[in-house]
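# Understanding the architecture of this molecule
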Amino acid sequence: MGKSTGFMEFERVSESYAPVAERVTNYREFVLRLTDDAAKVQGVRCMDCGIPFCNNGCPVNNIIPDWNDLVYRGNWQEALTVLHSTNNFPEFTGRICPAPCEAACTLGINADPVGIKSIERYIVDKGWENGWIAPQIAPVKTGKTVAIVGSGPAGMAAAQQLARAGHAVTVFEKSSRVGGLLRYGIPDFKLEKSIIDRRMVQMEAEGVAFRTKTIVAVDGKLPAGIVNDAVTVVTPDQLKAEFDAVILAGGSEVPRDLPVPGRELTGVHYALEFLIPQNKSVAGDGPNPISAEGKHVVVIGGGDTGSDCVGTSNRHGAVAVTQLEVMPMPPEQENKSVTWPYWPLKLRTSSSHEEGVDRDFAVMTKEFIGENGKLTAIKCVRLEWQGGKPVEVAGSEFEIKADLVFLAMGFTNPVASILEGFGVERDARGNANATTDGEGCYATNVAKVFAAGDVRRGQSLVVWAIREGRQAAREVDAFLMGSSLLPR
């Protein structure tokens, strides 16, 4: 490292936010990037720890100490090259990844960890601004064809890697635009969609073809709660016949329901029934039919999707927003001697929470209450967790006024009909059954059909999707060519 005592001399400086009163009036990104000087100082806090646990804490195994040192020395382009060597889309992860690398930072044992995520975003944004990121066109084409089902981060990563290996890649997407839940599940105030569009332009120049509004299914039908903009249907048999390999990267889209009395009332929605049309509205693709303006909103689920519903409801002008979590409130500070270098359980307050929300923990919804078919309140009960199991607290029932409820309790599995259409075996959780160990990684039981990302591992992080897309691309390249020079 350039300055081995940097971690003792400089404190962590995080990216700053635009004021709440300003940012809730629009859907633009509000995180302010580090300056050049601040990035250098934060890079030098990397402590030459000998065993960089951050590398393994990061699912794509970013070579973090190397690019921290390069940033400190002002070698921006070289830092970008090192960053891209393990991550196709650091501008995505630099914005929306929860940064497990920072949880694993050695400095974080007894001090504030290195601001890895902020430096990552700094590097790649500087690269785009200076024109250092350009298409990498394969000098030799293989003549092999690959179909990828789904244009989320796993599908995009696999597509880019395979195109750079010289294969002809076609990505099939049922929505009207590319990006999967990167585009439609994550609000613009966390990830502006021009960030996705510029990568798509790069990938098209590299030879990737995108076919939007096209669903891959036997009959073109999807379960309730899953948005489908498709006007064209392609069958699994067509893909298997027309392409040399197929990668399923459609994600885990079936939302977890809450089947309690009153579920049918108007005003009770899955989270994505609210977030997807909102993102389309911001893009100019029509109005959001669900408005939280002037309403009492209850979000059920304490994760990132719930947080996105909170931030979006506040931007609509909700009167009040309440977020409920069935699990008990976690500690504000983890016990690092027990958890490090693993992802800790602790209370996390997002930027959306800071914009206004009443959070309540260890609460279970018992019933949705309404009048004339319209939601007016929810009935809840408090819980005590005993031996890892919830027990209702006698006499603790209460009601919350609610005009809108958003169910943000995660996703259970990929769409079964798509996997069934390909004849792909599923595991006990309903995911595509494909191993990541040994020979034939990411291959399913169906010849030349592979699976990667949430469709294989279940609901997870964008950084895990990128990792699996990259690794699946290597396996497909080896399947087609006998060996592969693509990195894992």
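Structure: see above.
So, here is what we can say about the structure in this document.

### Thoughts on the environment of Gly-115
Assignment of secondary structure puts Gly-115 in the loop between helix H8 (100-103) and helix H9 (116-129). On the basis of relative accessibility, which here comes to 2%, the residue Gly-115 falls in the buried class. Considering only alpha carbons, one finds Gly-115 and Gly-395, 280 residues apart in sequence, at a separation of 46 Å. Aside from chain neighbours lying at most four places away, what touches Gly-115 is Arg-12, Arg-45 and Glu-102.

### Some remarks on the packing of aromatic side chains
All told, the structure shown has 8 aromatic pairs when counted by the stated rule. Ring geometry for Trp-76 versus Tyr-122: centroids 5.5 Å apart, planes at 70 degrees, classification edge-to-face. Taken together, the positions of Trp-76 in helix H6 (residues 76-84) and Tyr-122 in helix H9 put the pair 46 residues apart, joining distant regions of the chain. Measuring from centroid to centroid gives 4.1 Å for Phe-274 and Phe-406, while their planes differ by 10 degrees, and the two rings are stacked. Placement of Phe-274 in helix H14 (residues 271-282) and of Phe-406 in strand E18 (residues 404-407) is noted, with a sequence separation of 132 residues between them. The same class applies to Phe-274 as to Phe-406, namely buried. Over the ring of Phe-30 we find Arg-23, and its NZ or CZ is 4.5 Å from the ring centre. For Arg-263, the ring lying beneath its charged end belongs to Tyr-270, and the centroid distance is 5.0 Å.

### A word on the sheet that holds strand E10 (residues 268-270)
One open sheet accounts for 5 strands, arranged E10-E18-E11-E12-E13; its pairing is parallel. This sheet does not close on itself; its edge strands, each paired only once, are E10 and strand E13 (358-361). This sheet shows a mean twist of 20 degrees between the axes of neighbouring strands, independent of strand direction. In this sheet, E13 lies alongside strand E12 (residues 320-325) in parallel orientation, the contact comprising 4 bridges. Bridging across to E13, Glu-325 finds its partner in Phe-361. With respect to the sheet, H14 is in contact with E10 and E18, its orientation differing from that of E10 by roughly 70 degrees.

### Some details on H6
Residues spaced three or four apart along an α-helix face the same direction, because each turn holds 3.6 residues. Among the residues making up H6, those that are buried are Trp-76, Ala-79, Leu-80, Val-82 and Leu-83. Mapping the buried residues of H6 onto a view down its axis gives an arc of 165 degrees, with all of them on the same face. The secondary structure elements touched by the buried residues of H6 are helix H3 (36-44), helix H5 (64-72), helix H7 (90-96) and H9.

### Remarks on the sheet that holds strand E5 (residues 208-211)
The sheet built from 5 strands is open, its strands ordered E5-E4-E3-E8-E20 with parallel pairing. Unpaired on one side and paired on the other, E5 and strand E20 (449-451) mark the two borders of the sheet. For this sheet the average axis-to-axis angle between neighbouring strands, irrespective of direction, equals 20 degrees. Across 4 bridges, the pairing between strand E3 (residues 145-149) and strand E8 (residues 245-248) is parallel. What sits directly across from Val-149, in E8, is Leu-248.

### Things to note about the packing of H6 against H9
Running from N to C, H6 and H9 point in directions that differ by 110 degrees, and their axes come no closer than 9 Å. When the axes of H6 and H9 are compared, the pair comes out roughly perpendicular. Considering only the axes of H6 and H9, their crossing is left-handed. From H6, Trp-76, Ala-79, Leu-80, Leu-83 and His-84 reach across to H9, where they touch Glu-120, Tyr-122, Ile-123, Val-124, Lys-126 and Gly-127.

### Section: the pattern of salt bridges
For the coordinates displayed, the defined rule picks out 30 salt bridges. Ionic pairing is found between Lys-126 and Asp-36, a salt bridge with its closest N-O pair at 3.3 Å. You can see Lys-126 sitting in helix H9 and its partner Asp-36 sitting in helix H3, a full 90 residues away along the chain. A salt bridge links Arg-198 to Asp-125, with the shortest nitrogen-to-oxygen separation between them at 3.9 Å. With Arg-198 in helix H12 (residues 194-205) and Asp-125 in helix H9, the pair connects residues that are 73 residues apart, well separated along the chain. Among the residues examined, Asp-125 registers a relative accessible area of 5% and is labelled buried.

Here is what the cut-offs are and how they apply
Residues numbered from 1 in each chain as written. Predicted model: local features only at pLDDT ≥ 70, side-chain atom pairs only at ≥ 80, totals over all residues. Heavy atoms only, no water. Helix = DSSP H or I, 4+ residues; strand = E, 2+ residues; numbered from the N terminus. Buried < 20%, exposed > 50% of the residue type's maximum accessible area, 1.4 Å probe, protein only. Contact = heavy atoms within 4.5 Å. Phe/Tyr/Trp six-rings, centres within 6.5 Å; stacked < 30°, edge-to-face > 60°. Lys NZ or Arg CZ within 6 Å of the ring centre and 35° of its normal. Pairing = 2+ DSSP bridges. Axes fitted to C-alpha atoms, helices over the stretch in contact; angles between N-to-C directions. Arc of directions from axis to C-beta. Parallel < 35°, antiparallel > 145°, perpendicular 65-115°, else oblique. Left-handed = near helix turned anticlockwise from the far one by under 90°. Salt bridge = Lys/Arg side-chain N within 4 Å of Asp/Glu carboxyl O.

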